[in-house]
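Okay, here's what each chain looks like letter by letter:
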Amino acid sequence: MPISTVVLHQADRRFFLAALATFAGKNRTQWLGAGHSASNGQLPKTWTQVAQLPAQQVIDVLAASAPNHCIDAWSYVSRAVSSLLSGDGHACRHLAYYAQLRAGMCILANVGVGIFNRINFVVDATGAVQRLDPVPGGGNRGGIGTHEVVWDALNAWGTGVVTAQYFADAIKIRGVSLRDLLLIVWPGISIQNVASDIIQSWGLDLQRGKTDHSERNVSSYAQHALNPVNPPTNNVVTYVSETWKVLEPTSASAYDALDRYLLRALLQNHHRRVSGDTNYAAGPIGQRYAQLPQNLMSLVARDFLDGTVADPDPQVVRLALSNSSPAGPIEMLSRAILLVRAASGFTHTSFADAGINISAGAMRPWINQWAEERGFWSPSRPLVDPIDLWADIEIALLDLEQSINPPPNSMSDWIKKTQNGLPTIAEVERAGVWSLSA
């Protein structure tokens, strides 16, 4: 049973955004209201039951799912990092895959596509709920399973004309959309024609998501001892340390350090596609650099973008596009991190488009409750600025880096050597907290 791309491309965000707007200033228990038929965020299991619900209730659940899938995806990333540091590569693959899946569900929800345990639908421009995987003759049985439909829908959505344009609009670097960036460097460019560049540059190799599902199955169901996947301890520690450094928040944007590499990859990918060479300095990247907004030029120097100065991509960017088979824990985790970063971008844009001023604290009732449960702050003393969560990570990173100097001979040696900043160093969901708070 394939998805209907005709239905998929009728997805519209307006009713989703209207529902999202009602969540401002409320904690999660207030989002769906008293008496809501799906107050636990789960829809009935048959289409007959779903059809009996008011469409607005279905849309409300879809709106509630987007930010919650996003923060849950960050949690899966965190647990994957924790598993990696514990020497359990299989658990890392399992959890990294679920981080990818939740990020995918978040992105789809933000564009009006709901995935609810074989109840798969879009909300169209009239506010109607249309089945994404219609059964010939209009049957009542459930649709495509979550793992399959997420990648099919993302892949089909990522190649559409309008949807590719939306992707380029939704992802912003220092407030400037990818579409505007590309149009500055290549005036008149067709966004649809560079959709694959955008998706690859941002680590959204959607076909790899399906492959990672197979690798996840090995980690979830096969005997781990007969399928060794653990990378060397030193590699793991170096990777985690380096990844945190590109997630360091700034006052201007939550992902400046990571975004500058992703922006460079996007521009250079497109240059190669158009010119067939790697002389970036002589092409539009070098020639039109001065046309970029000032806040972007302060983030990325000309010689960084055109490759004049060597500055290798961090491992999380390089490994996200790795085609190694079977996929290793770090490769799957890298894809998860970049996909969750994109999901955060979509969520952030949806908050803004819904008129929610998160910098003024409109979503703090929701994020505060979540951060309290993780122990990031006490209920009586929430951090005024969630970016201050980074201070603990800085200390943990020093411990982590000292733990591999000199390099340990084994996992046991490393664990016994110091406190290693654990468990703080594995709390990557802190990035979700600060990025969805301001």
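Along each chain, the written sequence defines residue order, and numbers are assigned to residues from 1. Local features in a predicted model are, by the rule used here, given only for residues with pLDDT of at least 70; side-chain atom pairs are given and counted only at 80 or more, and totals for whole chains, interfaces and linings are based on all residues. The side-chain numbers reported here are obtained from all heavy atoms of the structure, hydrogens and water having been left aside.

J.: Any chance you could break down the packing of helix 4 (residues 55–85) against helix 18 (residues 364–373) for me, citing the residues and the numbers?
T.: Axis lines are fitted to C-alpha atoms, over the contacting stretch for helices. Their N-to-C directions set the angle, which ranges from 0 to 180 degrees. Labels follow the DSSP assignment, with helices taken as runs of H or I lasting at least four residues and strands as runs of E lasting at least two, numbered in each case from the N terminus. Helix 18 packs onto helix 4 with a crossing angle of 25 degrees between their chain directions and a minimal axis gap of 12 Å. Relative to helix 18, the element helix 4 is oriented roughly parallel. In this structure, the crossing between helix 4 and helix 18 has a hand that is right-handed. Of the residues in helix 18, those in contact with Pro67, Asn68, Ile71, Asp72 and Ser75 of helix 4 are Trp366, Ile367 and Trp370. Of the residues assigned to the contact of helix 4 with helix 18, the class counts are five nonpolar, two polar and one charged. With respect to orientation, any angle under 35 degrees is reported as roughly parallel, any angle over 145 as roughly antiparallel, any angle of 65 to 115 as roughly perpendicular, and every other angle as oblique. Two helices crossing with the near one rotated counterclockwise from the far one by less than a right angle form a left-handed crossing, whereas a clockwise rotation gives a right-handed crossing. Pairs of residues are marked as contacts when any of their non-hydrogen atoms sit within 4.5 Å. Gly counts as polar in this scheme, as do all residues outside two lists: the nonpolar Ala, Val, Leu, Ile, Met, Phe, Trp, Tyr, Cys and Pro, and the charged Asp, Glu, Lys and Arg.

J.: Account for the pairing of strand 2 (residues 119–123), with residues named and values stated.
T.: Moving residue by residue along a regular strand, the side chains alternate between the two faces of the sheet. For strand 2, the buried fraction is high: five of the five residues fall into the buried class. Side chains Ile119, Phe121 and Val123 project from strand 2 onto one buried face, and the interleaved Asn120 and Val122 project onto a second face that is buried too. By the bridge criterion, four bridges tie strand 1 (residues 113–116) to strand 2 in an arrangement that is antiparallel. Residue Ile115 lies in a different strand from strand 2, and its bridge partner there is Asn120. A pair of strands counts as paired when DSSP detects no fewer than two bridges linking them. The antiparallel pairing of strand 1 with strand 2 creates a hairpin that spans two residues between the two strands, and Asn117 there sits at a positive phi of about 50 degrees. One ladder, built from three bridges, connects strand 2 with strand 3 (residues 129–131); its direction is antiparallel. Bridge pairing links Val123 to Val129 in strand 3. Hairpin remark: strand 2 followed by strand 3, antiparallel, with five residues in the connecting loop; positive phi at Gly127, about 85 degrees. Residue exposure (1.4 Å probe, protein chains only): buried if accessible area is under 20% of the type maximum, exposed if over 50%, otherwise partly exposed.

J.: An account of the pattern of salt bridges is requested, with residue identities and associated values reported.
T.: Whenever Lys or Arg places a side-chain nitrogen within 4 Å of a carboxyl oxygen from Asp or Glu, that contact is recorded as a salt bridge. Tallying each qualifying case throughout the model produces 19 salt bridges. When the shortest N-O distance is used, the salt bridge between Arg28 and Glu373 registers 2.4 Å. Of this pair, Arg28 sits in the loop between helix 2 (14–21) and helix 3 (47–51) while Glu373 sits in helix 18, and the two are 345 residues apart along the sequence. By relative accessible area, which is 32% here, Arg28 ends up partly exposed. One continuous salt-bridge network, built from bridges that share partners, spans Arg79, Arg374 and Glu429.

J.: Lay out the packing of aromatic side chains in plain terms, naming residues and giving numbers.
T.: Centres within 6.5 Å make a pair out of two Phe, Tyr or Trp rings, where for Trp the six-membered ring is used; the pair is then stacked when the planes are under 30 degrees apart, edge-to-face when over 60, and tilted otherwise. The full count for this structure, using the stated rule, is 15 aromatic pairs. Seen in terms of ring centroids, Tyr166 and Phe346 are 5.6 Å apart; in terms of plane orientation they differ by 70 degrees. Their pairing is edge-to-face. Of this pair, Tyr166 sits in helix 7 (residues 161–170) while Phe346 is found in helix 17 (residues 329–353), placing the two residues 180 residues apart along the sequence. Assigned by exposure class, Tyr166 and Phe346 land together as buried.

J.: Let's hear about the environment of Ala281: which residues, and what values?
T.: Position of Ala281 among the secondary structure elements: in the loop between helix 12 (256–275) and helix 13 (284–287). Given the relative accessible area of 39%, Ala281 is considered partly exposed. C-alpha of Ala281 to C-alpha of Thr308: the two residues are 27 residues apart in sequence and 7.3 Å apart in space. When neighbours within four sequence positions are excluded, Ala281 is seen to be in contact with Gly286, Gln287, Asp306 and Thr308.

J.: An account of the confidence of the model for the chain is requested, with residue identities and associated values reported.
T.: Summing up the model confidence of the chain, the mean pLDDT is 90 and the portion of residues at 70 or higher is 97%. When mean pLDDT is compared element by element in the chain, helix 2 scores highest at 98, while helix 9 (residues 195–201) scores lowest at 78. The pLDDT score gives, residue by residue, the confidence of the prediction method on a 0 to 100 scale.

J.: Provide a residue-level description of the nonpolar core, including the pertinent values.
T.: Only buried residues count toward a nonpolar core. Its members are Ala, Val, Leu, Ile, Met, Phe, Trp, Tyr and Cys residues joined through side-chain atoms within 4.5 Å. Val240, Trp244 and Leu333 are the most contacted members of the largest nonpolar core, which has 148 residues in total. Considering every element that reaches this core, the biggest residue donor is helix 4, with 16 residues. Those residues in contact with Leu333 that lie beyond four places of it in its chain are Val77, Ala80, Val81, Leu84, Cys92, Ala96 and Tyr239.

J.: Talk me through the environment of Trp151; I want residue IDs and the actual numbers.
T.: As for its placement among the helices and strands, Trp151 is situated in helix 6 (residues 146–158). C-alpha separation for the pair Trp151 and Leu206, spaced 55 residues apart in sequence, amounts to 6.4 Å. The contact partners of Trp151, leaving out residues within four places of it in the chain, are Tyr97, Gln100, Leu101, Leu206, Gly209, Lys210 and Leu339.

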